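These are the residues of each chain, in order.
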Amino acid sequence: MKLKIAVLSGDGIGPEIMKQGVAVMDAIAAKFGHEFTYKEAICGAHAIDEVGDPFPETTFQTCMDADAVLFAAVGDPKFDNNPTAKVRPEQGLLAMRKKLGLFANIRPVATFDCLIHKSPLKDELLRGADFVVIRELTGGMYFGEKYQDNDKAYDTDIYTRPEIERILKIGFEYAQKRRHHLTVVDKANVLASSRLWRQIAKEMEPQYPDVTTDYMFIDNASMRVLTEPRFFDVIVTENTFGDILTDETSCITGSMGLQPSASLGVHTPLFEPVHGSWPQAAGKNLANPLAQILSGAMLLEHFGLNKEGAMIRKAVDESLLANVRTPEIQVEGGDSYGTKEVGAWIVNYIQNA
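Cut-off values and rules
- Residues numbered from 1 in each chain as written.
- Predicted model: local features only at pLDDT ≥ 70, side-chain atom pairs only at ≥ 80, totals over all residues.
- Heavy atoms only, no water.
- Helix = DSSP H or I, 4+ residues; strand = E, 2+ residues; numbered from the N terminus.
- Rg over C-alpha atoms; globule rule 2.2 N^0.38 Å.
- Buried < 20%, exposed > 50% of the residue type's maximum accessible area, 1.4 Å probe, protein only.
- Contact = heavy atoms within 4.5 Å.
- Areas by Shrake-Rupley, 256 points an atom, 1.4 Å probe, with all protein chains shown as cover.
- Lys, Arg positive; Asp, Glu negative; His and termini not counted.
- Charge placed at Lys NZ, Arg CZ, Asp CG, Glu CD.
- Core = buried A, V, L, I, M, F, W, Y, C linked by side-chain atoms within 4.5 Å.
- Pairing = 2+ DSSP bridges.
- Right-handed = clockwise from strand over helix to strand, strands pointing away.
- Phe/Tyr/Trp six-rings, centres within 6.5 Å; stacked < 30°, edge-to-face > 60°.
- Lys NZ or Arg CZ within 6 Å of the ring centre and 35° of its normal.
- Axes fitted to C-alpha atoms, helices over the stretch in contact; angles between N-to-C directions.

Focus: the overall build of the chain
Check the secondary structure of the chain and you find 14 helices and twelve strands. For the chain, whose C-alpha radius of gyration is 20 Å, the value lies close to the compact-globule estimate of 20 Å for 353 residues. Counting every position in the chain, which comprises 353 residues, the buried fraction comes to 53%. Long-range contacts, defined here as pairs at least 24 residues apart, represent 75% of the contacts in the chain between residues at least 6 apart. Only carbon and sulfur atoms are counted for the fraction: they give 53% of the accessible area of the chain, which is about 15300 Å². Each charge class in the chain can be summarised by its mean position, and for the 36 positive and 48 negative side chains these summaries are 2 Å apart.

Side note on the nonpolar core
Grouped together as the largest cluster of nonpolar side chains are 66 residues, with contacts concentrated most on Leu 168, Leu 299, Ile 312, Ile 346 and Ile 350. For this core, the leading source of residues is helix α1 (residues 14-32), giving eight residues. Grouped together as the second largest cluster of nonpolar side chains are 17 residues, Ile 116, Met 216, Phe 232 and Ile 252 included.

A short note on the pairing of strand β2 (residues 35-40)
Within a regular strand, the side chains alternate between the two sheet faces. The pairing of strand β1 (residues 2-10) with β2 spans six bridges and is parallel. Note that in β2 the partner of Val 7 across the bridge is Glu 40. Viewed along the sheet, the connection from β1 through α1 into β2 turns out right-handed.

Observations concerning the packing of aromatic side chains
Per the counting criterion, the structure on display carries seven aromatic pairs. Consider the rings of Phe 131 and Phe 232, whose centres lie 5.8 Å apart with planes at 50 degrees: the pair is tilted. One end of the pair, Phe 131, is in strand β5 (residues 130-136); the other, Phe 232, is in the loop between α9 (218-227) and β10 (234-237), and 101 residues separate them in sequence. Looking at Phe 131, the relative accessible area reads 0%, which means it is buried. Residue classification places Phe 232 among the buried positions, given a relative accessible area of 0%. Here Phe 231 and Phe 232 contribute two aromatic rings whose centre-to-centre distance is 5.1 Å and whose plane-to-plane angle is 90 degrees, an arrangement assigned as edge-to-face. Sitting above the plane of the Phe 103 ring, Arg 166 keeps its charged end 4.1 Å from the centroid. The ring of Tyr 174 carries the charged tip of Lys 177 above its face, separated from the ring centre by 5.3 Å.

A look at the sheet that holds strand β12 (residues 270-273)
Picture the strands of a sheet paired through backbone hydrogen bonds; they go either parallel or antiparallel. Spatial strand order, β2-β1-β3-β12-β11-β4-β5-β10-β8-β9: ten strands in an open sheet with mixed pairing. The open sheet has two free edges, formed respectively by β2 and β9 (212-217), since each of these has just one partner strand. In this sheet, neighbouring strand axes are inclined to one another by 25 degrees on average, regardless of whether the strands run parallel or antiparallel. Where strand β4 (residues 104-110) and β5 come together, seven bridges link them in antiparallel fashion.

Below is the structure:
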C-alpha cells in the first residue's frame, strides 16, 4: 500500500518522539512491502514564531493533500504564562480540528500488566480494564461564542442536533464492534446542552437494539472511571468533559506516554499521542515515544493494515517486558533508556521479527 502522510511534529518533545514514530513506520513499510511518503509541516508555537499563525494555510493544504496526518504536540510556556497573548499554539490545534472536520476523538484505554504497579490505583481495580473514550472535538465551549473583559467573561456551550447525532452514531457503532455497552456521559441535571445530548441519545437507542446504553453524569463518571474502570466498554461525551476525562484515564495506564489516539471526521484522519509538548524535557532524550509509536499503529489499522498494527503493538509490549523503558516507567534499578534508545529497540525488533 502507498500512503502519503503529513508529519506535524509541533513543539517541545514533538520532534524527538516523531522521529521515532516515523522510524517505526519505515521499519513496518520495509517489512511488509509498503511505501509511506512523508511531508513535514509547521504548527503550534514553532509556526507562530515563523509565520505568526499556529496552523498556517500551507500546513492545512499539506494535511488535505495527505492520506493521514501524524501529529505530535503543541504548546510553549512563553504562551502559557502570558494571559494577554492574542495568538496561542493551542489555537492551531483547534483550527486544525475544525478545518479538517475532525469531530471524533477515539482514545483507547487499556492496561499493560507489567506496568500496573505504576498506576496510583489498586491492582484489583485495574487488571483487565479495556475501554474506549469517544470525545466530540469541534463543538461545545471550546468553539462557542466567547467574551472577556476585566470584570466579566463567558464561554458558550453550544451544540446542534447534527453534531450530536454524528458523534453518537460513532459511539453506538464502536460499541457494536466491541462488548455492546455504551455509556453516554453528560451533565443533564444542570446543562441544557447536555439535556439535548441525552434526548437525542434516547431517540437513537432503538436503532441499536444490540447495544446496552446507560447514562452517567460527568462527576459520577469521573469517579467511576477510577473506581470501576472495568465497568466501561465505550464512553461517548462532549468536548470539555471528554478533554478532562481522557486525561484522567492516564491513571489507568500508568503514564500518559502510553496513550495514542485518533481523530476522525470529514477530511484527513489524524493520529496523535494524548500527552502534551513537555517543553522542559525538549532535547534531553527523556520523552517516552511509545504513545507516538502506537499512534502509528492506529493509523495503519485505520487503513486496514491490521497485521502491521499488531506488529507495532507486539514490539511495544516486548520492549516493556524487556524493561526497555524511559525513566518515568522504568522499574527500580532498571537500565537507563532514552527516547532514541527505546525507538531503536522497537525498530530492531520489527526488523528481526
